[in-house]
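Examining the three-dimensional arrangement
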Amino acid sequence: MWNNILASRSFRCPAYLALALVCLAAPLRAEQITVFAAASLKTALDEVSAVFEETTDHDVTLSYAGSAALARQISFGAPADVFLSANSTWMTYLEDQGAIVADSRFDLLGNQLVLISHAPSPAQDWTDLDLSQRLGDGFLAIGLVQSVPAGIYGKEALETLGQWQSVATQVAQTDNVRAALALVALGEAPLGIVYATDAQADDRVHIVAPFPKDTHQPIRYPAAQISESQAATDFLTFLKSPEASALFQAHGFEVLGE
């Protein structure tokens, strides 16, 4: 009898052991991550997210819009796991409401503001650039100057340069910076104000002049976790990895890290 039981156990134990090893070797269950991100991040973040998905098997859903619109959606309960803003103001807006995970916020990227044109144009310096004259009867495409970060930076820069008042009645304000880029790319507006990374992403536009950095507040892209999921934590960690940093730099962003 005992011999039979022992024989039975010795036969089954390897099977149990094999099953346990298979379970240990099996990948963790893939999770869905929803990322709300500033529109100017689209080209680079699409690539970064694709690499993250390949590396982890998690699925990433990216929702792009103006930072203000995204922050308001999150404040009303939109199911985001991660938020990437194009300025600090809208991240602070959520932080003050307790809408982000404590201690998860950090500045990820920097950028540069530029004036672009639809028609090929030689580069100019702001010391001899008369924006009103360059516009003629056309319009200046720019993000909403009260809420879209690129629009806020753009208006501030033009005020510093003493050129805002001369063009204030000729601005075509858009919901996000990529919409301003599209107006210029399509020739609907002769000039526009976008980030250098946006101009790099569309070969239908040309950089006329970069804005001096001391004409506006520093351009920073803060990142933060909205949900407590481990997958969201993993995504934020990956954004600071060498692989992600290289992709961001290839698209013209300045990598800041923590």
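Below or above, wherever it landed, is the structure these notes cover. For clarity, every value in this text was computed on a predicted model and none was experimentally measured.

Okay, the pairing of strand β4 (residues 106–110) next. Among the five residues of β4, four are classified as buried, and the element is accordingly described as predominantly covered. The pairing of β4 with strand β10 (residues 220–225) spans four bridges and is antiparallel. Bridge pairing in β10 places L109 opposite Y221. Bridge count for β4 against strand β11 (residues 254–255) is two bridges, and the pairing is antiparallel. Paired with G110 across the strands is E254, a residue of β11.

One non-glycine residue with positive phi stands out, namely D57, at about 75°. In this structure, D57 sits in the loop between α2 (42–56) and β2 (59–65). Judged by its relative accessible area of 48%, D57 falls in the partly exposed class. For D103, which is not a glycine, the phi torsion comes out positive at approximately 65°.

Strand order in this open sheet of six strands is β2-β1-β3-β10-β4-β11, and the pairing throughout is mixed. Unpaired on one side and paired on the other, β2 and β11 mark the two borders of the sheet. Its contacts with the sheet put helix α3 (residues 67–75) on β1 (32–38), β2 and β3 (82–84), and the angle it makes with β1 is roughly 140°.

The subject of this paragraph is empty space enclosed by the protein. Taken as a whole, this structure holds two cavities of 30 Å³ or more when the rule is applied. The volume enclosed by the largest cavity comes to roughly 50 Å³. A38, A39, A86, V148 and V177 are, among the 13 residues lining the largest cavity, the residues nearest its centre. Class assignment for the residues of the lining of the largest cavity results in nine nonpolar, four polar and no charged. There is about 40 Å³ of room inside the second largest cavity. Counting residues per element, the ones that place at least two in the lining of the second largest cavity are α2 and α9 (196–201). Ranked by residues supplied to the lining of the second largest cavity, first place goes to α9 with three residues.

Once that is clear, we can look at the nonpolar core. Judged by nonpolar contacts, the single largest core of 63 residues is most densely connected at L45, L115, L140 and F248. Examining the composition of this core, we find that six residues originate from one element, helix α10 (residues 230–239), more than from any other. Ignoring any residue separated from it by four or fewer positions in sequence, one finds L45 in contact with V35, A37, L62, Y64, L84, F235, L239 and F248. Formed by 14 residues, the second largest nonpolar core is a distinct cluster that contains F36, I74, F83 and I100.

What follows covers the environment of S63. Tracing the chain through its elements places S63 in strand β2. Remark: the alpha-carbon pair of S63 and A80, spanning 17 residues in sequence, is separated by 9.0 Å. With near-sequence residues (within four places) excluded, S63 lies in contact with V35, F36, A37 and L70.

Scoring rules and cut-offs
- Sequence order sets the numbering: in each chain, residues are counted from 1 along the sequence as written.
- Under the rules for a predicted model, residues below a pLDDT of 70 receive no local features and side-chain atom pairs below 80 are neither given nor counted, while totals for whole chains, interfaces and linings still include all residues.
- Hydrogens and water molecules were not included; the side-chain quantities draw on all heavy atoms of the structure.
- With a 1.4 Å probe rolled over the protein chains alone, any residue whose accessible area is under 20% of its type maximum counts as buried; one over 50% counts as exposed, and the rest are partly exposed.
- Secondary structure elements follow DSSP: runs of H or I no shorter than four residues count as helices, runs of E no shorter than two count as strands, and numbering proceeds from the N terminus.
- At least two DSSP bridges between two strands are required for those strands to pair.
- Should any heavy atoms of two residues lie within 4.5 Å, those residues are considered in contact.
- With axes taken as lines fitted to C-alpha atoms, and helix axes fitted only over the stretch in contact, angles between N-to-C directions fall between 0 and 180 degrees.
- Using protein atoms alone on a 1 Å grid, points that fit a 1.4 Å probe yet trap it form a cavity, whereas open point sets bounded by protein on both sides within 12 Å along at least five of seven lines form a pocket; residues with an atom within 4 Å of a point count as lining.
- Grid points are joined across faces, edges and corners, and a volume is the space filled by probe spheres set on the points.
- Residue polarity is assigned by list, with Asp, Glu, Lys and Arg as charged and Ala, Val, Leu, Ile, Met, Phe, Trp, Tyr, Cys and Pro as nonpolar; anything else, Gly included, falls into the polar class.
- Within this scheme, the nonpolar core is defined by two criteria: the residues are buried Ala, Val, Leu, Ile, Met, Phe, Trp, Tyr or Cys, and they are joined through side-chain atoms within 4.5 Å.

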